[in-house]
Each structure stands twice: as C-alpha cells, then as structure tokens.
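# Report on the structure
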Amino acid sequence: AETVQLENGKPAVELSFRFEADLKLDNTDAMFCGHMDKLVSFNSQIFDMDHKTTKYYLDERYFSSFNPDNQMTLYTIASQIVYNQPSRGVMIDGAQVLVTMSRFKRGFTFRHRLELDEWLAEAKYYIKSGEGYVTHEFFPKNDKSCGNYGGCAFRAVCSSAPNMRERLLQASFHRRAWDPLQIRG
C-alpha cells in the first residue's frame, strides 16, 4: 500500500477531520470530527488505513466485526468529504498480540454509498436523541453495554442507589475536558 499524497503535496498521515453534520443543536451547528491514521492507494483504489491490536485470531470473523462499525464508516465518509478521496472503505492491519508471539494480517471492510448515506441519517437521529437527554437532564442507562470492552468503568456507579451516585462519581473519577476539535500532529 502506498501513502496518498494530498492536494497540498503532504502525505495523507495522521489526518484530523471535521465536517458539518447538517444538524442544529441548541442553535449550534453539529459536526463530525476525529482522527485517521492515513489514506493509502492499494490495487488502484483508495482506502483509509487503520491499525488494530487484538488477542483474537485474525480470521474472516475478526475482520467482519468491522462492518457495521461507526469508526470505519466515519473514516470512509470523512476521507470522501474532507480529503476529497474516493475511499472504498478501510484497510485494517491487524496484529494478534500474544504472550510469546505476535501474528499479523491485513483485512478490508468496504462501504457502499448507500451504506454511508444510511449511517449519516442514523447518526443524526442518535445525535438529536442525545440532545433530548441533555435538555431534560435525563440519561437512561443502557445495561446491555455494561460488559463491553472489558466492562464499563462506571458500572459500580450505575449499580448503586440513585442517591449515592453523585458522591461515588466525585470520589472515584476526575472530570477532564476533551476537545475533539484539537488537531493532532
């Protein structure tokens, strides 16, 4: 895979992106933003490239887990909108990391234009729903997600009595502001 050269002549690596979501939230324009590893050309096609590490075997089942996948879909959309590249999807360089060895394998996840359009429509729906939670200061739990990715750090808070949660949050967590619009590199 060869790194794509951007219109400004720079290599398409460590790319920060942001674009309008065509959605108003409390009189503010909502936007999508994030950071991609790089854009590559492979077999005369453009792909976003992402590196993943896992303890799991790098087979078709592993690579198929990236479709559907918000991160991979958003990368594909961003490369088309922000960087004006005809990305077909994401090339994933996977590394299976074990105690005594590592294995490497490359896989792909493709996106069709109709899938991208559908994802954008659904994302706008979820963002608008989230605005309702903020407006009403009501954040319902999604207990089916508590065990994902090794378990949620807030599980002890959510499983405590409602009148104890604020104290637990203050005692166990430090609030840190994150600015996703901050450009990397």
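Keep in mind that this is a model prediction, so the values were computed, not measured.

### Observations regarding the overall build of the protein
Secondary structure summary: the protein contains 5 helices and 6 strands in total. With the C-alpha coordinates of the protein rotated into their principal frame, the extents come out at 60 × 50 × 30 Å. Taken over 185 residues, the protein has a buried fraction of 30%. In the protein, the share of contacts with a sequence separation of at least 24, taken over all contacts with a separation of at least 6, comes to 60%. Surface exposure of the protein reaches about 13000 Å², of which carbon and sulfur atoms provide 53%.

### Examining the pattern of salt bridges
Two side chains of opposite charge can pair, provided their charged atoms sit close to one another. Enumeration over the complete set of coordinates arrives at 5 salt bridges. Close ionic contact of Lys52 with Asp50 constitutes a salt bridge, the shortest N to O distance being 3.1 Å. Per residue, the accessibility class of Lys52 equals that of Asp50, and both read buried. We note a salt bridge from Lys128 to Glu131, for which the minimum N-O separation is 2.9 Å. One end of the pair, Lys128, and the other, Glu131, are both in helix α3 (residues 113–136), 3 residues apart, so they sit about a helical turn from each other.

### Observations regarding the nonpolar core
Inside soluble globular proteins, nonpolar side chains tend to come together where they are buried. Core analysis: the largest hydrophobic core is formed by 29 residues, its most contacted members being Leu15, Phe17, Phe19, Phe32, Tyr83 and Trp119. Within the residue set of this core, elements represented by two or more residues are β2 (13–25), β3 (28–42), α1 (60–64), α2 (70–81), β5 (87–97) and α3. What Leu15 contacts, discounting residues up to four positions off in sequence, is Leu6, Gly34, His35, Met36, Asp37, Leu39 and Tyr83.

### A few points about unusual backbone geometry
Leaving glycine out, the prevailing phi sign among residues is negative, and the prevailing peptide bond configuration is trans. For the bond from Asn67 to Pro68, the omega torsion is 5°, close enough to zero to count as cis. Phi angles above zero are rare outside glycine, and Asp22 is one such case at about 55°. Looking at where Asp22 falls in the secondary structure, it is placed in strand β2. The exposure class of Asp22 is exposed, given its relative accessible area of 66%.

### As for a nonpolar patch on the surface
Together, Tyr133, Val134, Phe138 and Phe139 make up an exposed nonpolar region whose accessible area comes to about 460 Å². Along the chain, Phe139 falls in the loop between α3 and α4 (155–158).

Rules used in this analysis
- Residues numbered from 1 in each chain as written.
- Predicted model: local features only at pLDDT ≥ 70, side-chain atom pairs only at ≥ 80, totals over all residues.
- Heavy atoms only, no water.
- Helix = DSSP H or I, 4+ residues; strand = E, 2+ residues; numbered from the N terminus.
- Buried < 20%, exposed > 50% of the residue type's maximum accessible area, 1.4 Å probe, protein only.
- Contact = heavy atoms within 4.5 Å.
- Areas by Shrake-Rupley, 256 points an atom, 1.4 Å probe, with all protein chains shown as cover.
- Salt bridge = Lys/Arg side-chain N within 4 Å of Asp/Glu carboxyl O.
- Core = buried A, V, L, I, M, F, W, Y, C linked by side-chain atoms within 4.5 Å.
- Patch = residues over 30% accessible without salt bridge, like charges linked within 9 Å, V, L, I, M, F, W, Y side chains within 5 Å.

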